[in-house]
Structure formats: C-alpha cells, structure tokens
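Reading the structure
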Amino acid sequence: MVERDIALSKATECHLHIAHISTANAVEAVRTAKAAGVRVTAEACPHHFMLTEETVREQGALAKMNPPLRRNADVQAVRDGLQDGTIDAIATDHAPHAAYEKQWGLSKAPFGIVGLETALGLSLRLVERGLLSLESMIEKLTSAPARLLGLSCGTLAAGAQADVVLIDPRMEWTVDPERFRSKGRNSPFAGWRLRGAVVRTLVGGVTVFQRTKDE
C-alpha cells in the first residue's frame with residue numbers, strides 16, 4: 001500500500017505523508033522514493049521503534065496496535081530510518097481506552113495505547129543510544145511535524161506563538177500508568193525506567209502544566 005501511494009504521489013506530484021510507518025519494506029520504499037525526488041514524508045511512533053511483536057505475547061491487548069508491532073528487523077529499520085532522515089517526524093498515536101475495553105481480550109479489544117505520556121522518555125532512548133542527536137530528536141517532535149503540516153509553530157523564533165515545553169533530559173522516572181494525567185491507563189511500558197521528563201508546558205504563553213515535586 002505504501003508503494004502504491006508513492007506511485008500515486010509521483011504521478012500526481014502531490015505531497016504524500018505516511019503515518020505510523022512500521023515495516024522495513026515501507027521504510028525502504030520511502031527512502032527510495034525520496035532519492036528519486038518524490039514528495040513523500042513519514043512519521044514513526046515510539047512503540048514501533050521500541051517494541052517488537054513479542055510484547056503482544058507478554059502483554060496481550062495492552063500491546064494491540066494499529067499498525068501492529070513488528071519483528072526485530074522492522075524495529076531496527078524504523079530506527080535506521082529516523083537516523084538517516086528517511087522518517088521525518090515522531091508521533092505518539094495517543095489512543096487512550098478504558099481499562100475494561102482492554103480486558104475484552106486480544107481479538108475484541110480496541111487498538112492503541114496511551115502514547116503522549118511516554119513519548120519524550122522513549123524518544124530520548126534514541127539519543128542515549130547515539131542514533132539521534134538531542135537537537136534532531138527535538139526537531140522530529142516539534143518543528144518537523146509543524147513543517148509537514150504547513151503550520152507556523154513548533155519554533156522558538158522571535159514573534160512565534162509561545163507554545164513551549166520545558167524538559168529535564170536527565171530526570172529519571174518509572175512509568176506508572178496509575179499516575180498518568182490521561183484518563184487512559186493502557187500502556188505496555190508500565191515499570192519501564194525512563195530518563196527525560198516534561199517539567200512545564202506553556203500554550204500561548206500560559207502555563208497549562210507544571211510538574212510537582214512528587215511526580
């Protein structure tokens with residue numbers, strides 16, 4: 001399907017954006033298309049560059065995604081795509097669900113996880129492993145998505161809208177879904193020890209989130 005859409009993009013000279021890219025073949029298709037001058041961009045989610053299909057066997061519906069989690073080779077391909085610029089942005093695919101919905105079993109439970117609360121810490125894993133610089137990781141979460149959508153935001157330039165996230169890249173914390181700000185608790189990352197946390201968020205210059213000392 002990615003190859004088909006790339007062919008349509010080339011034929012029509014329209015911009016194509018691939019959401020939630022997750023397979024090695026899809027990453028290679030985008031890489032080849034970009035080299036040929038096709039107007040194609042792509043994004044990846046933390047769960048697709050941090051987890052494999054083995055997580056589904058371990059956690060069942062908590063790890064039920066759309067697209068699904070893939071093999072280790074696919075995870076590595078997504079990481080390589082982020083590193084070499086084939087994949088332009090990181091997205092959360094934030095999809096909270098009620099606890100009882102995820103208890104319906106793998107076949108009936110809805111797709112998705114709470115992605116927003118762990119996006120920074122998981123993305124910083126790529127920095128810790130030397131796959132991305134801190135600047136590149138921040139760009140893929142902020143200015144790159146804005147640029148793809150043609151929005152005049154995601155920047156700290158003079159005169160830009162004061163939507164600002166302050167982070168502490170060294171703060172260590174343990175993922176506890178019961179402490180999420182989201183009403184959803186469906187995360188396969190419970191118990192993970194992450195480094196990097198948001199300490200303050202401003203929207204239009206107004207503080208809308210401030211991390212407390214006990215968080």
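Okay, so let's go over this structure. If you're wondering where the values come from, they're calculated on a predicted model, not measured in any experiment.

1. Concerning the packing of aromatic side chains
Under the counting rule described, the total for this entry stands at two aromatic pairs. An angle of 90° between the planes, with centres 4.9 Å apart, marks the rings of Phe-189 and Trp-192 as edge-to-face. Looking at Phe-189, the relative accessible area reads 1%, which means it is buried. A cation over a ring is seen here: Lys-64 above Phe-111, with NZ or CZ 4.5 Å from the ring centre.

2. Brief notes about empty space enclosed by the protein
Enumeration over the complete set of coordinates arrives at one cavity of 30 Å³ or more. Broken down by class, the residue content of the lining of the largest cavity amounts to five nonpolar, four polar and no charged.

3. Brief notes about unusual backbone geometry
Between Asn-66 and Pro-67 the backbone carries a cis peptide bond, its omega angle lying at 5°. Even without glycine at this site, Glu-13 takes up a positive phi of about 60°. Along the chain, Glu-13 falls in the loop between helix H1 (2-12) and strand E1 (16-18). Accessibility expressed as a relative area gives 64% for Glu-13, which makes it exposed. One non-glycine residue, His-20, lies in positive phi territory at about 55°. Position of His-20 among the secondary structure elements: in the loop between E1 and helix H2 (24-35). You can call His-20 buried: its relative accessible area is 18%.

4. Digging into the packing of H2 against helix H5 (residues 72-84)
One can describe the packing of H2 onto H5 by two numbers: an axis separation of 8 Å at closest approach and a directional angle of 25°. Taken together, H2 and H5 sit at an angle that is classed as roughly parallel. Considering how the two elements wind past one another, H2 and H5 form a crossing that is left-handed. Touching Ala-24, Val-27 and Arg-31 of H2 are Ala-73, Asp-74, Ala-77, Val-78, Asp-80, Gly-81 and Asp-84, all from H5.

Procedures and definitions
- Residues numbered from 1 in each chain as written.
- Predicted model: local features only at pLDDT ≥ 70, side-chain atom pairs only at ≥ 80, totals over all residues.
- Heavy atoms only, no water.
- Phe/Tyr/Trp six-rings, centres within 6.5 Å; stacked < 30°, edge-to-face > 60°.
- Buried < 20%, exposed > 50% of the residue type's maximum accessible area, 1.4 Å probe, protein only.
- Lys NZ or Arg CZ within 6 Å of the ring centre and 35° of its normal.
- 1 Å grid on protein atoms, 1.4 Å probe; cavity = no way out; pocket = protein on both sides within 12 Å on 5 of 7 lines; lining within 4 Å.
- Points joined across faces, edges and corners; volume = space filled by probe spheres on them.
- Nonpolar A, V, L, I, M, F, W, Y, C, P; charged D, E, K, R; others polar.
- Helix = DSSP H or I, 4+ residues; strand = E, 2+ residues; numbered from the N terminus.
- Axes fitted to C-alpha atoms, helices over the stretch in contact; angles between N-to-C directions.
- Parallel < 35°, antiparallel > 145°, perpendicular 65-115°, else oblique.
- Left-handed = near helix turned anticlockwise from the far one by under 90°.
- Contact = heavy atoms within 4.5 Å.

Purely spatial values, then, with no claim about function.
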